[in-house]
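Fold and geometry: a report
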Amino acid sequence: MTEQLSVIGLISHASIPVQLVMLSLVAASVYSWTLIAKYRTVHRRAAQDLKNFEEEFWSGADLSSLYQRSQHNNDRQGAEALFYAGFKEFMRLKQKGSSHDFIMEGVTRAMRITLSQEQTRLEGKLPALASIASTAPYVGLFGTVWGIMTSFIGLAQVQQATLATVAPGIAEALIATAIGLFAAIPAVLAYNHFMANSDVLNNKYSMFADEFLGILHREGSY
């Protein structure tokens, strides 16, 4: 009896549908923690790269030299990616002899596309965390309802119902809800954190793009 009332014992003695619910919730939890670890690395690196590139950019470095160095970086991202896309389009259109207004429109379009790509990089699979956060409690609740329903069906076949008879079935059913909450709570906290952090980074990228566009507009000799 003691073995059955342990967490492992309750899970092993749970009905097949409840066990499938628990398994799916554990898989969702593992996936959400994988995403959390991935985007924590992505966002920390994005913040550091932004800081490093802005320090170099605003130190008065020559734009042509900065562009040449950026050409050799195949893993550029963030502000550096915006700079590279904008300056590349600027030079391409300028060599064609395009008008200044047309050049500025092309640079704006190139940086807008890059900004969208950077937003996707920062937020790509974050909606999966929101989905896990919103559905996991309900999936766990389904497992709980199913387990309790099975327990009451079993009680109907017993002459005398006691706490010892009811407790195992109720306990194993409630484990499904507990696992659902275990999957949902970190997911919703991580989703809110990463989305807020992404908004901060994207705002900084937009500010950099606007400032860089202003520099190109003023200094048409580049």
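The model shown is predicted, which means the values in this text are computed figures rather than measured ones. (Residues numbered from 1 in each chain as written. Predicted model: local features only at pLDDT ≥ 70, side-chain atom pairs only at ≥ 80, totals over all residues. Heavy atoms only, no water.)

1. Overview of the overall build of the protein
Secondary structure summary: the protein contains 7 helices and 0 strands in total. When the elements of the protein are put in sequence order from the N terminus, they spell out α-α-α-α-α-α-α. The buried share of the protein, taken over its 222 residues, is 38%. Taking as baseline every contact in the protein between residues at least 6 positions apart, the subset at least 24 positions apart corresponds to 80%. (Helix = DSSP H or I, 4+ residues; strand = E, 2+ residues; numbered from the N terminus. Buried < 20%, exposed > 50% of the residue type's maximum accessible area, 1.4 Å probe, protein only. Contact = heavy atoms within 4.5 Å.)

2. Thoughts on helix H5 (residues 100–123)
Between its first and last C-alpha, H5 extends 34 Å over 24 residues, near the 34 Å set by a 1.5 Å rise per residue. All of the buried residues in H5 are Ile 103, Met 104, Gly 106, Val 107, Ala 110, Met 111, Thr 114, Leu 115, Glu 118, Leu 122 and Glu 123. (Expected span 1.5 Å × (residues − 1).)

3. Some words on the side chain of Glu 80
Mapped onto the secondary structure, Glu 80 falls in helix H4 (residues 79–95). The side chain of Glu 80 is buried and forms no salt bridge, while Arg 76, the nearest opposite charge, is found at 6.0 Å. Not counting residues up to four positions away in its chain, the partners in contact with Glu 80 are Phe 53, Ser 70 and Asn 73. (Lys, Arg positive; Asp, Glu negative; His and termini not counted. Salt bridge = Lys/Arg side-chain N within 4 Å of Asp/Glu carboxyl O.)

4. Section: the packing of aromatic side chains
This structure, assessed with the given rule, holds 15 aromatic pairs. Where Phe 208 meets Phe 212, the ring centres are 6.1 Å apart and the plane angle is 10°; that geometry is what we call stacked. Of the two residues, Phe 208 and Phe 212 both sit in helix H7 (residues 163–218), 4 residues apart, roughly one turn of that helix. The structure contains a cluster of three or more aromatic residues connected by ring pairs, namely Phe 53, Phe 57, Trp 58, Tyr 67, Phe 83, Tyr 84, Phe 87, Phe 90, Phe 208 and Phe 212. (Phe/Tyr/Trp six-rings, centres within 6.5 Å; stacked < 30°, edge-to-face > 60°.)

5. Some details on the nonpolar core
Membership of the largest hydrophobic core comes to 49 residues, with the highest contact counts inside it found for Phe 57, Phe 83 and Phe 212. Listed by contribution, the elements that provide at least two residues to this core are helix H2 (16–57), helix H3 (63–71), H4, H5, helix H6 (126–155) and H7. The element best represented in this core is H7, accounting for 16 residues. If near-sequence neighbours (up to four positions away) are discounted, Phe 57 is found in contact with Leu 63, Leu 66, Phe 83, Phe 208, Phe 212 and Ile 215. (Core = buried A, V, L, I, M, F, W, Y, C linked by side-chain atoms within 4.5 Å.)

6. Points about a nonpolar patch on the surface
Nonpolar side chains collect at one region of the surface, where Phe 142, Trp 146, Met 149 and Ile 153 lie side by side and expose about 390 Å² of accessible area between them. For Phe 142, the position within the fold is in helix H6. For Phe 142, a relative accessible area of 46% corresponds to the partly exposed category. (Patch = residues over 30% accessible without salt bridge, like charges linked within 9 Å, V, L, I, M, F, W, Y side chains within 5 Å. Areas by Shrake-Rupley, 256 points an atom, 1.4 Å probe, with all protein chains shown as cover.)

7. Section: the packing of H4 against H5
The interhelical angle for the contact between H4 and H5, taken along N-to-C directions, is 155°, at an axis separation of 8 Å. The pairing of H4 with H5 is recorded here as roughly antiparallel in orientation. Our pair here, H4 against H5, has a crossing hand that is right-handed. Residues Ala 81, Leu 82, Ala 85, Gly 86, Glu 89, Phe 90, Leu 93 and Lys 94 of H4 lie in contact with H5, whose contacting residues are Phe 102, Ile 103, Met 104, Gly 106, Val 107, Arg 109, Ala 110, Met 111, Thr 114, Leu 115 and Glu 118. The residue inventory of the contact of H4 with H5, partitioned by class, reads 12 nonpolar, 3 polar and 4 charged. (Axes fitted to C-alpha atoms, helices over the stretch in contact; angles between N-to-C directions. Parallel < 35°, antiparallel > 145°, perpendicular 65-115°, else oblique. Left-handed = near helix turned anticlockwise from the far one by under 90°. Nonpolar A, V, L, I, M, F, W, Y, C, P; charged D, E, K, R; others polar.)

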